[in-house]
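# Coordinate analysis (summary)
In case you want the letters, here they are:
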Amino acid sequence: MNVCYLPSFLSECDSPFRLTNFTLDFLAKNWAHEIDFVIWTGDSARHDNDHQIPRTPDEIFDLNRAVTAKMQHTFTRRGIPVVPSLGPNRITTEFSSIWEAFIPFTYRQVFQRGAYYATEIFPDELAIISLNTLYFYDSNKAVNGCPYDDPEDPGNLELDWLEVQLQSYYDRDMKVYISGHVPPSPGNYFPECYVRYVELALRFQNVVVGHLFGHMNIDHFFFLESIDLDIIPEEKKQLHATGNDEALYDVLLNEFKALPAPKKVNYDEYVVVNVAPSVVPQYLPSFRIFSYNVTETRENVEQKKKKKKRSKKPPKRKHGHRRGDGGNKTSLCKKPKYENSWKCHLDEPWNSDEDSPSRTNTFWSPLGYAQYNMPNLDDANKTNPPRYELEYVTFPLERLRPDEDSGAEAFEYPIPPQFLPEELLDASVTRSKYAPYRMEDLTIPSWVRLARRVADDKRVKLRKKFKKYMFAGAW
């Protein structure tokens, strides 16, 4: 991307301060009194793609200081925690100083070593782990890519740390969001880093309630699956890659079509990754407001904790319907080609649980989100100022407003009604362009059901909506 002073839709530009400040001022005025915490997936400095104006380290630090100061003014001074993640920038101790207000004291040393950390948003209840995805990103030639025989590789050290954190939160009956900049996919991560991330995500499926990432600038979701841990000989592999272009849409559609039938799906074998659009003019600047379940009584939660289930061994089923026939891991792992792959050394029991908040709507489960974007980016000027408007919600209509028989006073609005169009609050409206997904919640089964609907060739309108949201109508 290049340096631009006035952004426009589909421009190859980073966000100027004018756009960043407008967005944060909008959030301060409209949303700061409504939200509990902010997940900031990084990449605050411009990309170093403009040969006319090369980026310098001092510029990276200055840009991050400026955005950090604005974040603190907008959220931190109001008591709202902000959880940033490192974007594609060099790691230095300078960020420890810049983000001092965001990094818990107990994690300062960890952050100085590797730029990752964790913070308990609600002590002993809910935490957020912020990863440094640069150590996993296959465009980073300064690291070794998490090889099994290199325990000191920065990616391996970070994933070792992540495993310890997740086990600790499991032992303490806490729930976690994992956030970062570059999302975990075969098209983004070194193969061995990807395998380790998938294994941890599946093993601690009952601990992690969401995987939230950025980087791609494209609104989409995808699945991490147990098949990613199988050994599939090269000649039998099928295409499974992602890219920051229209090809990603085709890859996702093919993946969704290959999902098992409802009666055959084993939800232990799936994890959902959400990738949000960005506040950049490459598409339309956007942000999301999530809602989560806080209504279940603490007594019910304690009862569920007493019924804690045993860990499960990873499933041993053949996945021939996806990226090729899985080989016999026992025999393949004896071969020199595979014996030093992480796939041959990951056999810890999984902690999946159908009653966990990632699988069923219960305490801490993510319920849905509302996404807002800036539709008049090209036309905005002094007389026609830019504006953020609702793009869509994931909720079904009946979850957004009380029905005619119940009172509005007792109704729990997942999104404050003042931020919704009138038609979403009208009980007589049964369909709306703002609510095409109609998801009961954001648990794994709900995402699998949505993926199946998008993949259904008969649901032409829904598929068009999905593609429109991915690219903000550009394709």
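Residues numbered from 1 in each chain as written. Predicted model: local features only at pLDDT ≥ 70, side-chain atom pairs only at ≥ 80, totals over all residues. Heavy atoms only, no water.

## Let's talk about the side chain of serine 179
Applied cut-off: Comment: elements are numbered from the N terminus, with helices defined as DSSP H or I runs of at least four residues and strands as E runs of at least two. Exposure is judged per residue with a 1.4 Å probe applied to protein chains only, and the accessible area is read against the type maximum: over 50% gives exposed, under 20% gives buried, and values in between give partly exposed. Throughout, a residue-residue contact means that at least one pair of heavy atoms, one from each residue, lies within 4.5 Å.
With respect to the element layout, serine 179 can be found in strand β5 (residues 175–179). A residue is classified by how much of its surface remains accessible, and serine 179, at 0% relative accessible area, is buried. Among residues more than four places away in sequence, those in contact with serine 179 are Ile39, Ser85, Ile128, Ile129, Ser130, Leu131, Leu212 and Phe213.

## A look at the nonpolar core
Put simply, the test is: Only buried residues count toward a nonpolar core. Its members are Ala, Val, Leu, Ile, Met, Phe, Trp, Tyr and Cys residues joined through side-chain atoms within 4.5 Å.
In terms of nonpolar packing, the biggest core is built from 136 residues, with Trp31, Ile129, Leu162, Ile178, Phe223 and Tyr372 touching the most fellow members. Considering each element in turn, this core owes the most residues, 8 residues, to helix α6 (residues 191–203). Sequence-distant contacts of tryptophan 31, defined by excluding residues within four places in its chain, comprise Phe26, Phe287, Ile289, Tyr372, Ile415, Pro416 and Phe419. Ile231, Cys333, Tyr338 and Cys344 belong to the second largest nonpolar core, which has 5 residues in total.

## Describing the pattern of salt bridges
Spelled out, the test is: Just to be clear on terms, a salt bridge is a Lys or Arg side-chain nitrogen sitting within 4 Å of an Asp or Glu carboxyl oxygen.
In the structure shown here, the tally under the stated rule is 14 salt bridges. The network of salt bridges with common partners includes Asp62, Arg65 and Glu94.

## Describing the sheet that holds strand β11 (residues 389–393)
The criterion, for reference: Criterion used throughout: strands pair if DSSP finds at least two bridges between them. Here an angle of 0 to 180 degrees is reported between the N-to-C directions of two axes, which are lines fitted to C-alpha atoms, with helices fitted over the stretch in contact.
Reading across the sheet, the 3 strands line up as β9-β10-β11 and stay open at both edges, with antiparallel pairing between neighbours. Lying at the two open borders of the sheet, with one neighbouring strand each, are β9 (286–292) and β11. For this sheet, the mean angle separating the axes of adjacent strands, direction not counted, is 30°. Two elements, strand β10 (residues 366–373) and β11, share 4 bridges in a ladder whose sense is antiparallel. Among the inter-strand pairings, tyrosine 372 is bridged to a residue of β11, identified as leucine 390.

## Observations regarding the packing of helix α11 (residues 444–455) against helix α12 (residues 460–471)
Quick reminder of the rule: In this scheme, roughly parallel covers angles under 35 degrees and roughly antiparallel covers those over 145, while 65 to 115 is roughly perpendicular and the rest are oblique. The nonpolar class holds Ala, Val, Leu, Ile, Met, Phe, Trp, Tyr, Cys and Pro. Asp, Glu, Lys and Arg form the charged class, and all remaining residues, Gly among them, are polar.
It is at 8 Å that the axes of α11 and α12 come closest, and there the two elements cross at 110°. The orientation of α11 relative to α12 falls into the category roughly perpendicular. Across the interface between the two elements, Leu450, Arg453, Val454 and Ala455 of α11 pack against Leu462, Arg463 and Phe466 of α12. Of the residues contributing to the contact of α11 with α12, the split by class is 5 nonpolar, no polar and 2 charged.

## Observations concerning the sheet that holds strand β3 (residues 117–122)
Strand order in the open sheet formed by 6 strands is β3-β4-β5-β6-β8-β7, and the pairing between neighbours is mixed. In this open sheet, the two edge strands, each paired with only one partner strand, are β3 and β7 (220–225). Averaged over all pairs of adjacent strands, the angle between their axes in this sheet comes to 25°, without regard to strand direction. Sheet analysis places β3 next to strand β4 (residues 126–130), joined by 5 bridges and oriented antiparallel. Each bridged residue has a counterpart across the sheet, and for alanine 118 the counterpart in β4 is isoleucine 129.

## Section: the packing of aromatic side chains
So the rule is basically this: Pairing of aromatic rings covers Phe, Tyr and the six-membered ring of Trp, with a centre-to-centre limit of 6.5 Å; geometry is then stacked below 30 degrees between planes, edge-to-face above 60, and tilted otherwise.
Summed over all chains, the structure comprises 38 aromatic pairs. On the basis of an interplanar angle of 35° and a centroid distance of 6.5 Å, the ring pair of tyrosine 249 and phenylalanine 466 is categorised as tilted. One end of the pair, tyrosine 249, is in helix α7 (residues 247–257); the other, phenylalanine 466, is in helix α12, and 217 residues separate them in sequence. You can call phenylalanine 466 buried: its relative accessible area is 3%.

## Description of the pairing of β10
With respect to burial, β10 is a largely interior element, 8 of its 8 residues being buried. Relative to β10, β9 runs antiparallel, the two sharing 7 bridges. Along β10, the bridge assignment pairs phenylalanine 290 with tyrosine 369.

## A closer look at a negative patch on the surface
Using the following cut-off: Note on patches: the residues involved have over 30% relative accessible area and no salt bridge, like charges join within 9 Å, and the nonpolar side chains Val, Leu, Ile, Met, Phe, Trp and Tyr join within 5 Å. A 1.4 Å probe and the Shrake-Rupley method give the accessible areas. Residues count as covered only by the protein chains that appear here. The convention is simple: Lys and Arg are positive, Asp and Glu are negative, and His and the chain ends are not counted. For charged residues, the charge sits on one atom: NZ in Lys, CZ in Arg, CG in Asp, CD in Glu.
On the surface, a cluster of negative charge is made up of Asp403, Glu404, Asp405, Glu422, Glu423 and Asp426. By secondary structure assignment, the location of aspartate 426 is in the loop between α10 (422–425) and α11.

## Re the environment of leucine 390
On the secondary structure map, leucine 390 appears in strand β11. A relative accessible area of 10% means that leucine 390 is categorised as buried. With sequence-adjacent residues up to four places away left out, leucine 390 is seen in contact with Ala370, Gln371, Tyr372, Leu420, Pro421, Leu424 and Tyr434.

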